[in-house]
Amino acid sequence: MKIFRTLLLLGCTITALIAAAQQPDLIISSINKAYQEAKEATKKNKSLGNEMVTTLSYTVHGQGKTTETLHFFYNTVQGTYWMPDDSDADPHFLYHPLYFVTRSYNIGKLKYNEEYLFDSSSQRLLFASIQDYDENGKRLDRQFYFHDGSTYLVLGPPATDFMQDHVVYQANDLRLAFDWIIQNPKE
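Rules used in this analysis
- Residues numbered from 1 in each chain as written.
- Predicted model: local features only at pLDDT ≥ 70, side-chain atom pairs only at ≥ 80, totals over all residues.
- Heavy atoms only, no water.
- Patch = residues over 30% accessible without salt bridge, like charges linked within 9 Å, V, L, I, M, F, W, Y side chains within 5 Å.
- Areas by Shrake-Rupley, 256 points an atom, 1.4 Å probe, with all protein chains shown as cover.
- Salt bridge = Lys/Arg side-chain N within 4 Å of Asp/Glu carboxyl O.
- Buried < 20%, exposed > 50% of the residue type's maximum accessible area, 1.4 Å probe, protein only.
- Helix = DSSP H or I, 4+ residues; strand = E, 2+ residues; numbered from the N terminus.
- Phe/Tyr/Trp six-rings, centres within 6.5 Å; stacked < 30°, edge-to-face > 60°.
- Contact = heavy atoms within 4.5 Å.
- Core = buried A, V, L, I, M, F, W, Y, C linked by side-chain atoms within 4.5 Å.
- Pairing = 2+ DSSP bridges.

1. Remarks on a nonpolar patch on the surface
Point 1. Where nonpolar side chains cluster on the molecular surface, the patch consists of Tyr152, Leu153 and Leu155 and spans about 230 Å² of accessible area.
Point 2. Relative accessible area serves as the criterion here: at 32%, Leu153 is assigned to the partly exposed category.

2. Here we look at the pattern of salt bridges
Any two side chains of opposite charge can pair, so long as their charged atoms come close to each other.
Point 1. Taken as a whole and judged by the stated rule, the model has seven salt bridges.
Point 2. Its salt-bridge partner being Glu40, residue Lys43 comes within 3.7 Å of it at the nearest N-O pair. Taken together, the positions of Lys43 and Glu40, both in helix H2 (residues 26–44) and three residues apart, correspond to about one turn of that helix.
Point 3. Judged by relative accessible area, which is 59%, Lys43 ranks as exposed.
Point 4. The residue Arg103 makes a salt bridge to Glu68 at a minimum N-O spacing of 2.6 Å. On the criterion of sequence distance, the pair formed by Arg103 in strand S5 (residues 98–107) and Glu68 in strand S2 (residues 64–74) is long-range, its members being 35 residues apart. For the pair shown, Arg103 and Glu68 are each scored as buried.

3. Things to note about the packing of aromatic side chains
Point 1. Per the counting criterion, the structure on display carries nine aromatic pairs.
Point 2. Ring geometry for Tyr74 versus Phe178: centroids 5.3 Å apart, planes at 40°, classification tilted. You can see Tyr74 sitting in strand S2 and its partner Phe178 sitting in helix H3 (residues 161–183), a full 104 residues away along the chain. Phe178 shares its class with Tyr74; the two are buried.
Point 3. Taken together, Tyr35, Phe73, Phe100, Phe127 and Tyr145 form an aromatic cluster joined through their ring pairs.

4. A word on the side chain of Gln170
Point 1. Tracing the sequence through the fold places Gln170 in helix H3.
Point 2. Sequence-distant contacts of Gln170, defined by excluding residues within four places in its chain, comprise Arg103, Glu114 and Tyr116.

5. Thoughts on the nonpolar core
Point 1. Of all hydrophobic cores here, the largest spans 18 residues; its most connected members are Phe72, Val101, Tyr116, Phe118, Ala128, Phe144 and Val167.
Point 2. Looking at this core, the elements with two or more residues in it are S2, S5, strand S6 (110–118), strand S7 (125–133), strand S8 (139–147) and H3.
Point 3. The element contributing the most residues to this core is H3, with four residues.
Point 4. Setting aside residues no more than four positions away along its own chain, Val101 makes contact with His71, Phe72, Glu114, Glu115, Tyr116, Phe118 and Leu174.

6. Observations regarding the pairing of S7
Point 1. Of all nine residues making up S7, eight are buried, and the element is well covered by its neighbours.
Point 2. Taken together, the five bridges between S6 and S7 define a ladder with antiparallel strand orientation. Directly across from Leu117, in S7, lies its bridge partner Phe127.
Point 3. Between S6 and S7, which pair antiparallel and follow one another directly, the connecting turn spans six residues, one of which, Gln123, has a positive phi of 65°.
Point 4. Where S7 and S8 come together, seven bridges link them in antiparallel fashion. Among the inter-strand pairings, Ile130 is bridged to a residue of S8, identified as Arg142.
Point 5. Once S7 ends, the chain turns through five residues before running back antiparallel as S8, passing Gly137 with a positive phi of about 85°.

Structure (structure tokens):
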């Protein structure tokens, strides 16, 4: 009888662990949903004007010429600042929250593609898809999921802390570049 209870308890524990393992991760599910919505929106936005494309041409030492294309997808939100009564400034503004960036470039014969998904309201990085190459030229694909400002999950080959920090740095740099370009369109 004692063995039967132990086996029953062990069986219930294993069943509970299997059921918990099969439950979808809510954070990953919500990020995947936002990513799919962003991909759909980018297809539709081609004619809406909520896309900015920047192309850069430069030379990489020892590798030759490269062309880099950045696609910034954003929303336009109109609002009003609270202004003091004695202010002559226009209280209306347009805010352009960035939500998706694609970056493609080559270094020599190797082609790279990157995607960055941002939360439209907080402008925090949610997801990044990065193509990289190992020392033998084999392509490596990694997906980085972020939650509350830190790495939540990395899918693909293991990523070092430096690599994870670099992805966050690169995404932030692209977001800041977008902010500067959208605010200074004639420069």
